[in-house]
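In case you want the letters, here they are:
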Protein chains: 2
Amino acid sequence: MTIEVDYRFPPGVDGEQQAKIIAIGQTAGTWDARFAHREEVLRSHLGKVVKGLMETDGSSTVTISFPEANVENDISSLLTMIFGKYSMAGAAKVIAVRLPEDYGRRPQFGITGIREQLGIFDRPLIMAIFKPALGLSAEDHGAILREVASAGLDIIKDDEILGDLEVAPTLKRLEACRQVLDEVKQQTGRTVLYAVNLTGAADQLIEKAHLLVKEGANALLLNVLTYGFSVLDALAANPEINVPIFVHPAFAGALCAAPNHGMAYSVVLGTLMAHSGADAVLYPAHYGSLPFEAAEEAKIRDNLRSRNVFPVPSAGIHPGIVPQALADYGQDVILNAGTGIMDHPDGPAAGVKAFFEALERLNQGKSFALETVPDGFLRRALEKWGKV
Amino acid sequence: MTIEVDYRFPPGVDGEQQAKIIAIGQTAGTWDARFAHREEVLRSHLGKVVKGLMETDGSSTVTISFPEANVENDISSLLTMIFGKYSMAGAAKVIAVRLPEDYGRRPQFGITGIREQLGIFDRPLIMAIFKPALGLSAEDHGAILREVASAGLDIIKDDEILGDLEVAPTLKRLEACRQVLDEVKQQTGRTVLYAVNLTGAADQLIEKAHLLVKEGANALLLNVLTYGFSVLDALAANPEINVPIFVHPAFAGALCAAPNHGMAYSVVLGTLMAHSGADAVLYPAHYGSLPFEAAEEAKIRDNLRSRNVFPVPSAGIHPGIVPQALADYGQDVILNAGTGIMDHPDGPAAGVKAFFEALERLNQGKSFALETVPDGFLRRALEKWGKV
């Protein structure tokens, strides 16, 4: 099997020439007569230019196929091969990567597994983020969780910038929240997931993941782009770390936001994540607070779902987006709101309830026009945040 | 102590407004009366806009200071804070990061330690890369090393794209090369370093590093940008992994090459590396084969050397660049050549000798003009590759 990569070059770059440089320079390289005895093997490692396409505006796209034998069935070695040294060679953007079905990992839980854990099969899942992000104590986290979990929330996660800080150490947060999760389970039979943010040097991070799971963590969160795909690989492979891993896109813009450099969002947050071992992947919704293209979001959604990874459109999510989100996603989506739940005018519990009111209203086929929505949590949310 | 970050925005972006968004959005965020009891602590985590500068072309640069208490004294949490979610917010480039002296790590070996290991204090070090990159057997590696090490080479490294592949498993490569290193030591008393490329899932990678060192590896190589700063952090902290760590810049262009997005090369390959635990850092030389600005290279050099990290300008290095390189660097530099050694017309040993001839010739104050250079390895290199 081979790995196919599409590189796009802006006008003024000779795509054909660059294609050859990539196919050779990112694989075996050149050799001379001294290596005649290895000729066949050397050749087997070379990349191939599959096709080139010149656009009318002078930009070009080339497809290179790479032997799977050059890499280690993981994302880290893949990135080194397809865009390692070459990323420094000038303007070029990786716009698509096609991997063999069995490349990398599939999620251990993913859409079906997370649904089974929660026992919810017929609706989107509602997820919140602890806010404010820094400065709350572990007890504050527990108190917030009590509010939103009692209101029916499915999943909560740490803010991605909250590490293992003195103000609220990771294990203390788990301890305070675990107690609430147990209460909710006892009182209602419902499972609520809390994705605890994993930080630290790789060895300590993995050890922390072990310890957290042992102490009752039922989900984990990783900033894979700042900690490393090799760290996610280790977590996902570990049979003792048997809880869903939520992956956050922090830092993705540094790789993906430029028009003619780096990699497409749909590659990094879609294709690579789908083969990384992640169970659920967060990324910006195109109608949210971050600038994002609908087409990229759709590709991410499809790339993730093709491998049972839960898509989690995020950033600026509030109850008013529910009709649009369900039109885009159907049921298999996790709606993840930070301030869209925590800053509801009537408090976080109201924020959660507003989402469920929105789901209910949509199911009933009713309008979201403000004048038609009766007084209540949804209406209060619509008054504050509007709809899409 | 605080962490200061300079963000540059292109014309059309309201830098002042963005500065506020970063200072608040990348730290504690907003809160309301419900958190009055935590007001003081929440405030202590906020970032501050230190200054803003509007350029005549409409671009702007703002400086934000972040509390050190928000992060974990490592590069991964730093990246999440300074450019995590915000990297997806639009056009912005991180052009400088100023860290407290004690932030992160210093190299365990660095310039002084690597020099002590080699017993060489008064000249640049000469480093080669195994080529071709993929397809050679472990025995081939041993045979190549014998040639170049006997010719006086100081350091050799795996190509960054060579992982733990069936064609030449990492431990087999070490085994074949370790034998040669021992022979050279016995015959000449000289230590030659072989930086073995570390790959795999984070836990296995760290375990492999242990095993390699136990089996006699005297240096390691890491593609930190594709494997993760948290992996380097773990390796550098480990007292049993007591050999220099060479860090490769593969994938840096994906983060740094765009004009208005991502981070400056001098930040990623300079500042962050200098605080990461790396002992020696590779990056493109501005007169090499990759497009690179002299000013960025100078900043990288100075950032690295300010913390005793060995600078390793690379890519397209050959004996003809020696006068320019020494003018830029003086003695404290590792000159790292791939094809510039391996593809010398008279073979790899001649490639190494050509570098030493070049150093000698420069010491004697002699010209590198081709007509003045006597027949020999240096002249043959100059004939093939020219000079800067």
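Residues numbered from 1 in each chain as written. Chains lettered and ligands numbered in written order. Predicted model: local features only at pLDDT ≥ 70, side-chain atom pairs only at ≥ 80, totals over all residues.

Help me understand the relation of the copies chain B and chain A, please; the structure alone is not making it clear to me.
Look at the two chain copies: a rotation about an axis and a shift along it is all it takes to match them. Mapping chain B onto chain A is achieved by rotating through 180 degrees and translating by 0.0 Å along the same axis, at an RMSD of 0.0 Å. The operation mapping one copy onto its partner corresponds to a two-fold rotation axis. Closest approach to the rotation axis among the C-alpha atoms of chain B is made by glycine 228 of chain B, whose C-alpha sits 1.9 Å away. A shared binding surface is used by both copies, with 97% of the interface residues of chain B retained as interface residues in chain A. (Least-squares fit on C-alpha atoms with pLDDT ≥ 70 in both. Contact = placed C-beta atoms within 7 Å.)

Please clarify how the packing of helix 7 (residues 202–214) of chain A against helix 7 (residues 202–214) of chain B should be interpreted in this entry.
Any two packed helices are characterised by how steeply their axes cross, that is the angle between the axes, and by the distance between the axes. The geometry of helix 7 of chain A relative to helix 7 of chain B is characterised by a closest axis approach of 9 Å and an angle of 130 degrees between their N-to-C directions. Relative to helix 7 of chain B, helix 7 of chain A is oriented oblique. The handedness of the crossing between helix 7 of chain A and helix 7 of chain B comes out as left-handed. In this structure, helix 7 of chain A contributes Ala202, Asp203 and Ile206 of chain A to the contact, and helix 7 of chain B contributes Ala202, Asp203 and Ile206 of chain B. A breakdown of the residues in the contact of helix 7 of chain A with helix 7 of chain B according to their chemical character gives four nonpolar, no polar and two charged. (Axes fitted to C-alpha atoms, helices over the stretch in contact; angles between N-to-C directions. Helix = DSSP H or I, 4+ residues; strand = E, 2+ residues; numbered from the N terminus. Parallel < 35°, antiparallel > 145°, perpendicular 65-115°, else oblique. Left-handed = near helix turned anticlockwise from the far one by under 90°. Nonpolar A, V, L, I, M, F, W, Y, C, P; charged D, E, K, R; others polar.)

Is there a simple way to think about the interface of chain B and chain A in this case?
How big an interface is tends to be stated in terms of the accessible area lost upon association of its parts. Contacts between chain B and chain A engage 73 residues on the former and 71 residues on the latter. Those elements giving two or more residues to the side of chain B that touches chain A turn out to be helix 2 (39–44), helix 3 (75–83), helix 7, helix 8 (224–227), helix 9 (229–237) and helix 10 (252–256) of chain B. In the side of chain B that touches chain A, the residues fall into 39 nonpolar, 24 polar and 10 charged.

Looking at this model, I keep getting lost on the sheet that holds strand 1 (residues 2–9) of chain B. Mind explaining?
Within a sheet, each strand pairs with its neighbour through backbone hydrogen bonds, oriented either parallel or antiparallel. Residues and elements named next belong to chain B. Across the sheet, four strands lie side by side as 2-3-1-4; this open sheet has antiparallel pairing. Each edge of the sheet is formed by a strand with only one pairing partner; in this case those strands are strand 2 (48–54) and strand 4 (93–98). Ignoring which end each strand starts from, the neighbouring axes of this sheet average 20 degrees apart. In this sheet, strand 4 lies alongside strand 1 in antiparallel orientation, the contact comprising five bridges. Following the sheet pairing, aspartate 6 is matched in strand 4 by alanine 96. Docked against the sheet, helix 1 (residues 15–25) engages strand 1, strand 2 and strand 3 (60–67), running at close to 160 degrees with respect to strand 2. Taken strand by strand, helix 3 contacts strand 1, strand 3 and strand 4, and its axis lies near 130 degrees from that of strand 4. (Pairing = 2+ DSSP bridges.)

I keep staring at the pairing of strand 2 of chain B and nothing clicks. Help me out?
It is a general feature of regular strands that their side chains alternate between the two faces of the sheet. Residue and element names in this part refer to chain B. Two strands pair when backbone bridges link them, and strand 2 and strand 3 are joined in this way by six bridges, in the antiparallel orientation. Each bridged residue has a counterpart across the sheet, and for lysine 51 the counterpart in strand 3 is threonine 63. Adjacent in sequence and paired antiparallel, strand 2 and strand 3 are bridged by five residues, among which glycine 58 carries a positive phi angle near 95 degrees.

I keep staring at the packing of helix 5 (residues 138–150) of chain B against helix 6 (residues 170–188) of chain B and nothing clicks. Help me out?
Residue and element names in this part refer to chain B. In contact at an axis separation of 8 Å, helix 5 and helix 6 are set at 25 degrees when each is read in the N-to-C sense. Comparing the axis directions of helix 5 and helix 6 gives the class roughly parallel. As helix 5 packs across helix 6, the resulting crossing turns out to be right-handed. The segment helix 5 lies against helix 6, with Ala138, Glu139, His141, Gly142, Leu145, Arg146, Ala149 and Ser150 engaging Lys172, Arg173, Glu175, Ala176, Cys177, Gln179, Val180, Leu181 and Val184. Tallied by class, the residues present in the contact of helix 5 with helix 6 amount to eight nonpolar, four polar and five charged.

Teacher, can you tell me more about the pairing of strand 5 (residues 125–129) of chain A here?
Residues and elements named next belong to chain A. Of all five residues that make up strand 5, five are buried, and the element is covered over most of its length. Judged by which residues are buried, strand 5 turns out to be covered on both faces: Leu125, Met127 and Ile129 on one side and Ile126 and Ala128 on the other are all buried. Here strand 5 runs beside strand 13 (residues 334–337); their pairing, made up of four bridges, is parallel. Bridging across to strand 13, isoleucine 126 finds its partner in leucine 335. Relative to strand 6 (residues 155–157), strand 5 runs parallel, the two being bridged by three bridges. Bridge pairing links methionine 127 to isoleucine 155 in strand 6. You can see the chain leave strand 5, run along helix 5 (residues 138–150) and come back into strand 6, and the turn it takes is right-handed. (Buried ≥ 20, exposed ≤ 12 C-beta atoms within 10 Å, placed from the backbone. Right-handed = clockwise from strand over helix to strand, strands pointing away.)

Hey, could you run me through the domain arrangement of chain A in this one?
All names here are of chain A. Segmentation of chain A into domains returns domain 1 (2–98) and domain 2 (110–385). A C-alpha centroid distance of 36 Å is found between domain 1 and domain 2. Residue-level contacts link 11 residues of domain 1 with 14 residues of domain 2. Mapped onto the side of domain 1 that touches domain 2, the elements with two or more residues apiece are helix 3 (75–83) and strand 4 (92–98). Examining the composition of the side of domain 1 that touches domain 2, we find that five residues originate from one element, strand 4, more than from any other. Residue composition of the side of domain 1 that touches domain 2, grouped by class: eight nonpolar, one polar and two charged. (Domains from an automatic or database assignment.)

Is there a simple way to explain the sheet that holds strand 4 of chain A in this structure?
Residues and elements named next belong to chain A. With mixed pairing, the five strands of this open sheet are ordered in space as 2-3-1-4-10. In this open sheet, the two strands that pair with only one neighbour each are strand 2 (48–54) and strand 10 (261–263). Taking the axes of each pair of neighbouring strands and ignoring which way they run, one obtains an average angle of 20 degrees across the sheet. Against the sheet, helix 3 engages strand 1 (2–9), strand 3 (60–67), strand 4 and strand 10, with an angle of about 130 degrees to strand 4.

Sorry if this is basic, but what is going on with helix 15 (residues 348–363) of chain A here?
An α-helical segment advances 3.6 residues per turn. Residues three or four places apart therefore align on the same side. All names here are of chain A. Helix length check: helix 15, at 16 residues, gives a terminal C-alpha distance of 23 Å against a target of 22 Å (1.5 Å per residue), a fit within 8%. Burial runs high along helix 15: 12 of the 16 residues are buried. Among the residues of helix 15, those classed as buried are Pro348, Ala349, Ala350, Gly351, Val352, Lys353, Ala354, Phe355, Glu357, Ala358, Leu359 and Arg361. The inward-facing, buried residues of helix 15 contact strand 5, helix 5, helix 13 (322–329), strand 13, helix 14 (339–342) and helix 16 (377–385). (Expected span 1.5 Å × (residues − 1).)

Please clarify how the confidence of the model for chain A should be interpreted in this entry.
Low pLDDT marks regions whose predicted coordinates should not be analysed in detail. With 100% of its residues at a pLDDT of 70 or more, chain A shows a mean pLDDT of 96. Here the prediction assigns the complex a pTM of 0.97, and the interface score ipTM is 0.97. (pLDDT = per-residue confidence, 0-100.)

How do you make sense of the environment of phenylalanine 251 of chain B when you look at a structure like this?
Inspection of the secondary structure puts phenylalanine 251 of chain B in the loop between strand 9 (245–247) and helix 10. Look at phenylalanine 251 of chain B and you get buried, because 28 C-beta atoms sit within 10 Å. If we skip the residues at most four places from it in the chain, phenylalanine 251 of chain B touches Leu79, Thr80, Phe83, Gly84 and Ser87 of chain A together with Leu225 and Thr226 of chain B.

Please clarify how unusual backbone geometry should be interpreted in this entry.
Residue and element names in this part refer to chain A. The omega torsion of the bond from lysine 131 to proline 132 falls at -5 degrees, within 30 degrees of zero and hence cis. Mapped onto the elements of the fold, proline 132 is located in the loop between strand 5 and helix 5. Unlike most non-glycine residues, phenylalanine 251 shows phi in positive territory, near 85 degrees.

Please explain helix 1 (residues 15–25) of chain A as it appears in this structure.
Buried residues of helix 1 of chain A: Gly15, Gln18, Ala19 and Ile22 of chain A, and no others. For helix 1 of chain A, the angular spread of the buried residues around the axis is 105 degrees, confining them to a single face. (Arc of directions from axis to C-beta.)

What is the right way to look at the environment of phenylalanine 9 of chain A in this model?
Residues and elements named next belong to chain A. Its location among the elements puts phenylalanine 9 in strand 1. Overall, phenylalanine 9 belongs to the buried group, with 25 C-beta atoms counted inside 10 Å. In the structure, phenylalanine 9 is positioned 210 residues away from alanine 219 in sequence and 40 Å away in space, judged by C-alpha atoms.

Could you clarify how one ought to interpret the environment of asparagine 260 of chain B in this entry?
Residues and elements named next belong to chain B. Along the chain, asparagine 260 turns up in the loop between helix 10 and helix 11 (265–274). Overall, the presence of 18 C-beta atoms within 10 Å leaves asparagine 260 in the partly exposed class. With 168 residues separating them in the primary sequence, asparagine 260 and alanine 92 have C-alpha atoms 5.6 Å apart.

What is the right way to look at the nonpolar core in this model?
Proteins that are soluble and globular tend to have nonpolar side chains buried together. Grouped together as the largest cluster of nonpolar side chains are 281 residues, with contacts concentrated most on Leu220 of chain A together with Leu220 of chain B. Apart from the residues lying within four places of it in its own chain, the contact partners of leucine 220 of chain A are Ala195, Val196, Leu198, Ala209, Leu212, Val243, Ile245 and Phe246 of chain A. (Core = buried A, V, L, I, M, F, W, Y, C linked by C-beta atoms within 7 Å.)

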